[in-house]
Amino acid sequence: MPREFNPTPRPVRAALAAVALLATLASLGSVEGLARYYDMQAQLASAPPIVVAKH
């Protein structure tokens, strides 16, 4: 007993593709933001100590 194939309507596919693209861009943006944040923290941690006063 073969089943009939009911393709998804074109507007629904377009909407799902747009949502997938938005989710991908949001994920990549979050990863880039975290990478920049932790890179900045690493640079601050590796900065040479500052001499405040000498005797």
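The structure under discussion appears in the preceding block.
Nothing here was measured: the structure is a model prediction, and the numbers come from that model.

Engineer: Explanation requested: the overall build of the protein in the structure shown.
Structural biologist: A count of helices and strands for the protein gives 1 helix and 0 strands. Relative to the 2.2 N^0.38 estimate, which gives 10 Å for 55 residues, the radius of gyration of the protein is 26 Å and therefore markedly larger than a compact globule would have. Projected onto its principal axes, the C-alpha coordinates of the protein cover approximately 95 × 25 × 5 Å. Across the 55 residues that make up the protein, the buried fraction comes to 0%. In the structure as shown, the protein presents an accessible area of about 5700 Å², 67% of it carried by carbon and sulfur atoms.

Engineer: What is the right way to look at the environment of Arg-13 in this model?
Structural biologist: As for its placement among the helices and strands, Arg-13 is situated in helix 1 (residues 10-45). For Arg-13, a relative accessible area of 47% puts it in the partly exposed group. C-alpha separation for the pair Arg-13 and Tyr-37, spaced 24 residues apart in sequence, amounts to 36 Å.

Engineer: Just to check I follow, could you spell out a nonpolar patch on the surface for this structure?
Structural biologist: A cluster of nonpolar residues, Leu-34, Tyr-37, Tyr-38, Met-40 and Leu-44, forms a patch on the protein surface that exposes about 560 Å² of accessible area. Along the chain, the position of Leu-44 falls in helix 1.

Engineer: Honestly, the pattern of salt bridges in this entry has me stumped. Any pointers?
Structural biologist: Two side chains with opposite charge may pair up if their charged atoms get near one another. Tallying each qualifying case throughout the model produces 1 salt bridge. Across the pair Arg-36 and Glu-32 runs a salt bridge, and its minimum N-O distance is 2.8 Å. Taken together, the residues Arg-36 and Glu-32, both in helix 1 and 4 residues apart, mark about one turn of the helix. The partly exposed category is assigned to Glu-32, whose relative accessible area is 42%.

Engineer: Which parts of the structure should I look at to understand the packing of aromatic side chains?
Structural biologist: Aromatic ring pairs: the centre-centre distance and the angle between the two ring planes describe each pair. Under the defined criterion, the tally for this structure stands at 1 aromatic pair. Geometrically, the ring pair formed by Tyr-37 and Tyr-38 is edge-to-face, given 5.1 Å between the ring centres and 75° between the ring planes. Taking relative accessible area as the criterion, Tyr-37 reaches 42% and is therefore assigned partly exposed. The class of Tyr-38 is exposed, set by a relative accessible area of 54%.

Cut-offs and rules
- Residues numbered from 1 in each chain as written.
- Predicted model: local features only at pLDDT ≥ 70, side-chain atom pairs only at ≥ 80, totals over all residues.
- Heavy atoms only, no water.
- Helix = DSSP H or I, 4+ residues; strand = E, 2+ residues; numbered from the N terminus.
- Rg over C-alpha atoms; globule rule 2.2 N^0.38 Å.
- Buried < 20%, exposed > 50% of the residue type's maximum accessible area, 1.4 Å probe, protein only.
- Areas by Shrake-Rupley, 256 points an atom, 1.4 Å probe, with all protein chains shown as cover.
- Patch = residues over 30% accessible without salt bridge, like charges linked within 9 Å, V, L, I, M, F, W, Y side chains within 5 Å.
- Salt bridge = Lys/Arg side-chain N within 4 Å of Asp/Glu carboxyl O.
- Phe/Tyr/Trp six-rings, centres within 6.5 Å; stacked < 30°, edge-to-face > 60°.

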